[in-house]
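Fold and contact review
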Amino acid sequence: MMCIEETNLHESREEMESLILDDSSNGQSHSGAKLAPNHDDPLLSSSSSFMDPQNPNSISILSSHASFNAFLDPPSYAEAIFTSFDSSSNGHDQTPLFSSSSSNPRGSDYLQISVSDPQKEQELSNSLVPGGTTYYTYLITTRTSLPEFGGSGSEFSVRRRFKDVVTLSDRLSESYRGFFIPLRPDKSVVESQVMAKQEFVEQRRVSLEKYLRRLAAHPVIRRSEELRVFLEAKGKLPLPKSVDVASRVIDGAARLPRQLLGEEAIDVNEVAQPAKGGRDLLRMFRELKQAVSNDWGSAKPVVVEEDKWFLEKKEKLMEFEQELSNVSQQAESLVKAQQDMGETMGELGLAFVKLTKFETEEAVFDSQRERAGDMKNVATAAVKSSRLYRELNGQTVKHLEKLHEYLGIMLAVNNAFSDRSSALLTVQTLSSDLASLHLKIEKLEAASAKIFGGDRSRLRRIEELKETVRATEDAKICAVREYERIKENIRSELERHDKERHDDFMSMLRGFVVNQAGYAEKMANVWETLAEETNAYVKDGS
Amino acid sequence: MISTNRTLSASSQSPRSPSSQPPYLSVSVTDPVKLGNGVQAYISYRVITKTNFPEYQGPEKIVIRRYSDFVWLRDRLFEKYKGIFIPPLPEKSAVEKFRFSAEFIEMRRQALDIFVNRIASHHALQQSEDLRTFLQADEETMERLRAHETGIFKKPSDLMQIFKDVQSKVSDVVLGKEKPVEESDPEYEKLKHYIFELENHLAEAQKHAYRLVKRHRELGQSLSDFGKAVKLLGACEGNSLGKAFSELGAKSETLSVKLQKEAHQLLMNFEEPLKDYVRAVQSIKATITERANAFRRQCELTETIKLKEINLNKLSLIRSDKVGEAEMEYNELKAESEEATRLFESIVRLMNEELVHFQERKTLDMGIAFNEFARGQARLANGIADAWRSLLPKLEACSST
């Protein structure tokens, strides 16, 4: 019987959770367990619970599984849900990346990362502000079997702060141009002021973990020196910080006159890098000029596209991103609508619980008692249905999160394409440099030829320019090589990305559909029970 | 349209005559038509009566009626049949823009049909002359009667005022301002408390039922939007994944339609019956008021008679020539008092009978409504499960290519 007397009739979700509803098909009473928070041990929570049916967090799923079991004919998709999502259905932050190679615990190449234990530390300040500021550090724990980390099954931890993550991200962007490098978490300056400190720190911890795991899942990046150093090197992060543009500009400006005069030797490889920051002010100016001459009135450097393949690819990707963004938005609306449905159904159930209690207490006639019994059945069905909607929605979010993730990936793709553009711009700038150098030499030679016996200062100048031409040609060869390298990176990344996207989306669709079908089946059972319980009224045919 | 052939139970069967048939009176309210313009616009209904009652003109009659005619009927019955729970009417819609949506019109028509049929199948109410007028009179007559409307239920605020009077009388008693003019029957007190509480509980259930209808519509809409967006994404993708997206999008749109349908069913077959239940309880509250009025009147008359009796005795003692007049007054009052007592007692008796029927009837009505609710939800859930299930083999085909 429904334990009405024990039922608290406050209109809150917690109260609804504690309603003890009888499942007539199964003697045990099922009290909806509250979703328990994450365990303390980050490593355990991230790896072992994936397939662990003993995980106490899945009680609510398991016992409702048991109680509905009686209705289900095997096999049904409702079963399928529970076997594949049992322990990850309880609000755990499981990133879907665990399906990729980084989490094969028995494999030869796993790289597992966890972020935990945020701690406040004092900034040892030599700045203008007395007293110093505080910042948070996070414990980065790595478990890996990769050889470069010192052999199989090693585990180690370091402490890092957010600035270190920014450094890592910057270094990777520079070293791996053309790759689809996962984007690092935002600096979130506004949020850090507005949110409660604890919440913000926790949010950051979660996003850092997601970021590092994504890096670990990338087949090329995971082997990078930058990542290894970040994960392994004790103490201060030994990666050069990205210098702020102002000082770089000043630094670069000092060298400007010497470059103009042609006195400074040009480091060929340096030339091949894009003219970012102040390091090469001169080239930056020239690249801008190049850009202007290519495209009237546009502020951004525009590149003359010579590669149709890339142009087409880029357009398609942009279109894809647009539609993906759209779907992601609609998915959010869908999730909200499901949530609302569940809530209202729950409130309806609660209203009927109150009615049942009322009619039972005040009953004078048998017809009232009968009606109270019917209302109790309605309440039971409504509350069960409400819980099912809530679970359905939890799963739906997990599946459709993929969409949002791929929006992030599209940003990384965009960055790679930008790398290509700027590399091409470098090549074109150097070509244009060469062209103008050759022109100068021609003019000087022509002028010098007119003077009988030669013009010593002009001849000297011609030799210097020829020297510059040789250096510039070498630089251009490097730049072209870099450009081709980037293009090749993009090509192979696109191939990898296409395949992964195909697999990920197919599994997302499948998961979504199985989820919907399974829960719809369960709900049908709930309502069919109520229909049977009230069938007598229809057969009577008043 | 509910049963149009409500035959009477335990009625006299005429023996062996050629047209031998149990007496029946069945009514249907159909064909709503919008007439008039702008603010003056209203809906008219065809009311079809089929009967073999001798008091009626012929076996079938069709008249045209509008909402205020129904209100007239309800008010007349309330006046004449005190103690009986008069079937409730759907509310007059205050909000202009909702007034003439197709759904609103259908809901109102259904509610009016139920209203008239409940009257026609009530053993006492069906004998009403006003009912006969309503079902048979021509439009002009009806219009004239409507114009002379002096009914109690002019506005909901009038009803509020009556209740407030009752409540203030009670508080007066508590404050010791007046002699108690409320019944002191504990069972009746319990009943009153029950009715008032019941209304609150039912109103809440109905509110959530209405919201549930909205949620169905919203979910349907979002599934439709989601489906469209997914289809566009599929067009972008091309190849097998694109096909998978397209199939999913199409399926999503199909389900959207199912949800809209179910929303409508839910409104008509679950939310409306709950609303009807609330109205019925409100009607009972009106009867409670009538009973309180009758009781008060009876008490007042009893008091007045006592005074008159004392006065009469005084006058007869001093052999005043006013005795005759006083005696006549006294006798008049006595008759009135007896009438008032009879009325009050009949109200009490009727209420008790009505209450039994009411509880039984409501258990039945709710049972049917719950059943409809359950079936609708099961139908929807099964439809959803089938639709998604049917998509899976297609997805398998796409992923293997």
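Residues numbered from 1 in each chain as written. Chains lettered and ligands numbered in written order. Predicted model: local features only at pLDDT ≥ 70, side-chain atom pairs only at ≥ 80, totals over all residues. Heavy atoms only, no water.

1. Concerning the overall build of chain A
Worth spelling out the cut-off: Secondary structure follows DSSP: runs of H or I at least 4 residues long count as helices, runs of E at least 2 residues long count as strands, and numbering of each begins at the N terminus. The buried label goes to any residue with under 20% of its type's maximum accessible area, the exposed label to any with over 50%, and the partly exposed label to all in between, with areas taken from a 1.4 Å probe on protein chains only. In what follows, a contact means two residues having at least one pair of non-hydrogen atoms within 4.5 Å. Under the convention used here, a 1.4 Å probe and the Shrake-Rupley method define accessible areas, while residue burial counts only the protein chains that appear.
Helix and strand counts for chain A come out as 15 helices and five strands. Put simply, chain A has 542 residues, and 48% of those count as buried. For chain A, restricting intrachain contacts to residue pairs at least 6 apart in sequence, the fraction spanning at least 24 positions comes to 74%. As presented, chain A carries roughly 27400 Å² of accessible surface, and 53% of it is formed by carbon and sulfur atoms.

2. Remarks on the interface of chain A and chain B
Applied cut-off: For any pair of parts, buried area is found by adding up, for both, the accessible area (1.4 Å probe) each one loses once the two are put together. Salt-bridge detection follows one rule: a side-chain nitrogen of Lys or Arg within 4 Å of a carboxyl oxygen of Asp or Glu. Polar here means any residue outside two lists: the nonpolar Ala, Val, Leu, Ile, Met, Phe, Trp, Tyr, Cys and Pro, and the charged Asp, Glu, Lys and Arg; Gly therefore counts as polar.
Counting from both sides, the interface comprises 63 residues of chain A and, opposite them, 66 residues of chain B. Approximately 5900 Å² of surface area, both sides summed, lies buried where chain A meets chain B, with 74% of it carried by carbon and sulfur atoms. It is Met-341, Phe-358 and Arg-371 of chain A in chain A that bury the most area against chain B; as a group they hold 10% of the surface buried on that side. The tally of links from chain A across to chain B stands at six salt bridges. Of the charged contacts in the structure, one is a salt bridge between Glu-204 of chain B and Lys-354 of chain A, with a shortest N-O distance of 3.6 Å. Elements that contribute at least two residues to the side of chain A that touches chain B include exactly helix 12 (308-362), helix 13 (366-450), helix 14 (456-533) and helix 15 (535-540) of chain A. In terms of residues, the side of chain A that touches chain B owes the most to one element, helix 12 of chain A, which gives 26 residues. Per-class residue counts for the side of chain A that touches chain B are 35 nonpolar, twelve polar and 16 charged.

3. Things to note about the packing of helix 13 of chain A against helix 14 of chain A
Residues and elements named next belong to chain A. Applied cut-off: Helix axes are fitted to C-alpha atoms over the stretch in contact, other axes to C-alpha atoms as well, and angles between N-to-C directions run from 0 to 180 degrees. The scheme is simple: roughly parallel for angles under 35 degrees, roughly antiparallel for over 145, roughly perpendicular for 65 to 115, oblique for anything else.
Contact geometry for helix 13 and helix 14: axes closest at 8 Å, N-to-C directions at 170°. Between helix 13 and helix 14, the angle is such that the two are roughly antiparallel. When its residues are assigned to classes, the contact of helix 13 with helix 14 shows 40 nonpolar, 15 polar and 19 charged.

4. Focus: the packing of aromatic side chains
To keep it simple, the criterion reads: The pairing test for Phe, Tyr and Trp rings, Trp by its six-membered ring, is centres within 6.5 Å, and the orientation test on the planes gives stacked under 30 degrees, edge-to-face over 60, and tilted for anything in between. Throughout this description, the term charge over a ring refers to an Arg CZ or Lys NZ atom that lies within 6 Å of the ring centre and within 35 degrees of the ring normal.
Within this structure, the stated rule accounts for 21 aromatic pairs over all chains. On the numbers, 5.7 Å between centres and 70° between planes, the contact of Tyr-176 of chain A with Phe-179 of chain A is edge-to-face. The same class applies to Tyr-176 of chain A and to Phe-179 of chain A, which are both buried. Arranged with centres 6.3 Å apart and planes meeting at 65°, the rings of Tyr-277 of chain B and Phe-358 of chain B form a pair that is edge-to-face. With Tyr-277 of chain B in helix 8 (residues 239-317) and Phe-358 of chain B in helix 9 (residues 323-400), this residue pair connects regions lying 81 residues apart in the sequence. Pair check on accessibility: Tyr-277 of chain B and Phe-358 of chain B agree, each one buried. Taken together, the aromatic side chains of Phe-352 and Trp-527 of chain A together with Phe-270, Phe-370 and Phe-373 of chain B make up a single cluster linked through ring pairs. Taking NZ or CZ as reference, Arg-160 of chain A lies 5.5 Å from the ring centre of Phe-230 of chain A, over its face. One residue, Arg-65 of chain B, lies across the ring of Phe-134 of chain B, its end atom 5.7 Å from the ring centre.

5. A word on the sheet that holds strand 5 (residues 154-161) of chain A
Strands pair in a sheet through their backbones, by hydrogen bonds, and they do so in one of two ways: parallel or antiparallel. Residue and element names in this part refer to chain A. Applicable threshold: Here a strand pair is declared whenever DSSP counts at least two bridges between the two strands.
Spatially, 3-4-5 is the arrangement adopted by the three strands of the open sheet, whose pairing is antiparallel. At either end of the open sheet lies a strand with only one pairing partner, and these are strand 3 (111-122) and strand 5. Looking at each pair of strands side by side, their axes are set apart by 20° on average, direction ignored. Alignment of strand 3 against strand 4 (residues 134-144), held across ten bridges, turns out to be antiparallel. For Ile-113, the partnering residue across the bridge sits in strand 4 and is Thr-142. Of the strands in this sheet, strand 4 and strand 5 are in contact with helix 5 (residues 162-175), which crosses strand 5 at around 105°.

6. Some thoughts on unusual backbone geometry
Phi is positive for Asp-117 of chain A, close to 50°, though the residue is something other than glycine. By the secondary structure assignment, Asp-117 of chain A is in strand 3. Judged by its relative accessible area of 37%, Asp-117 of chain A is partly exposed. One non-glycine residue, Asp-31 of chain B, adopts positive backbone phi at about 50°. Among the structural elements, Asp-31 of chain B can be located in strand 1 (residues 25-35).

7. Some words on the sheet that holds strand 2 (residues 42-51) of chain B
Residues and elements named next belong to chain B. The strand order 1-2-3 describes an open sheet built from three strands, whose pairing is antiparallel. Two strands close off the open sheet at either side, each with one partner strand: strand 1 and strand 3 (60-66). Across the sheet, the mean angle from the axis of one strand to that of its neighbour is 20°, orientation sign disregarded. As paired strands, strand 2 and strand 3 are joined by seven bridges and run antiparallel to one another. Along strand 3, the bridge assignment pairs Ile-48 with Ile-62. Helix-sheet contacts for helix 3 (residues 102-120) involve strand 1 and strand 2, and the interaxial angle to strand 1 is about 155°. Contacts between helix 4 (residues 129-136) and the sheet are confined to strand 1, strand 2 and strand 3, with strand 3 contributing the most and set at about 90° to the helix.

8. Points about the side chain of Asn-371 of chain B
We apply this condition: Here a polar contact means two N or O atoms within 3.5 Å. Within protein one must be a hydrogen donor candidate and the other an acceptor candidate, and residues neighboring in sequence count only if both atoms are side-chain atoms.
Structurally, the position occupied by Asn-371 of chain B is in helix 9. Overall, Asn-371 of chain B belongs to the buried group, its relative accessible area being 0%. Of the polar contacts made by the side chain of Asn-371 of chain B, one reaches the side chain of Asn-535 of chain A; its length is 3.3 Å. A polar contact is formed between the side chain of Asn-371 of chain B and the side chain of Arg-375 of chain B, at a distance of 2.7 Å. Every residue in contact with Asn-371 of chain B, bar those within four places of it in the chain, is listed here: Ala-531, Thr-534, Asn-535 and Val-538 of chain A.

9. Focus on the environment of Ala-235 of chain B
Residues and elements named next belong to chain B. Here Ala-235 is to be found in helix 7 (residues 186-237). For Ala-235, a relative accessible area of 63% corresponds to the exposed category. The spacing of Ala-235 and Arg-297 is 62 residues in sequence and 80 Å in space, taken between C-alpha atoms.

10. What about a negative patch on the surface?
Condition: Think of a patch as exposed residues, more than 30% relative accessible area, with no salt bridge, where like charges cluster within 9 Å and nonpolar side chains (Val, Leu, Ile, Met, Phe, Trp, Tyr) cluster within 5 Å. Just so you know, the count uses Lys and Arg for positive and Asp and Glu for negative, and it drops His and the chain ends. A single reference atom marks each charge: NZ on Lys, CZ on Arg, CG on Asp, CD on Glu.
A cluster of like negative charges, contributed by Asp-138, Glu-139, Glu-140 and Glu-143 of chain B, occupies part of the molecular surface. Mapped onto the elements, Asp-138 of chain B comes out in the loop between helix 4 and helix 5 (139-147).

11. Describing the environment of Cys-398 of chain B
Along the polypeptide, Cys-398 of chain B turns up in helix 9. With relative accessibility at 6%, the residue Cys-398 of chain B sits in the buried group. Note: C-alpha distance between Cys-398 of chain B and Asn-239 of chain B (159 residues apart in sequence) is 8.7 Å. For Cys-398 of chain B, the residues in contact, after removing those within four places along its chain, are Met-506 of chain A together with Ser-240, Lys-243 and Ala-244 of chain B.

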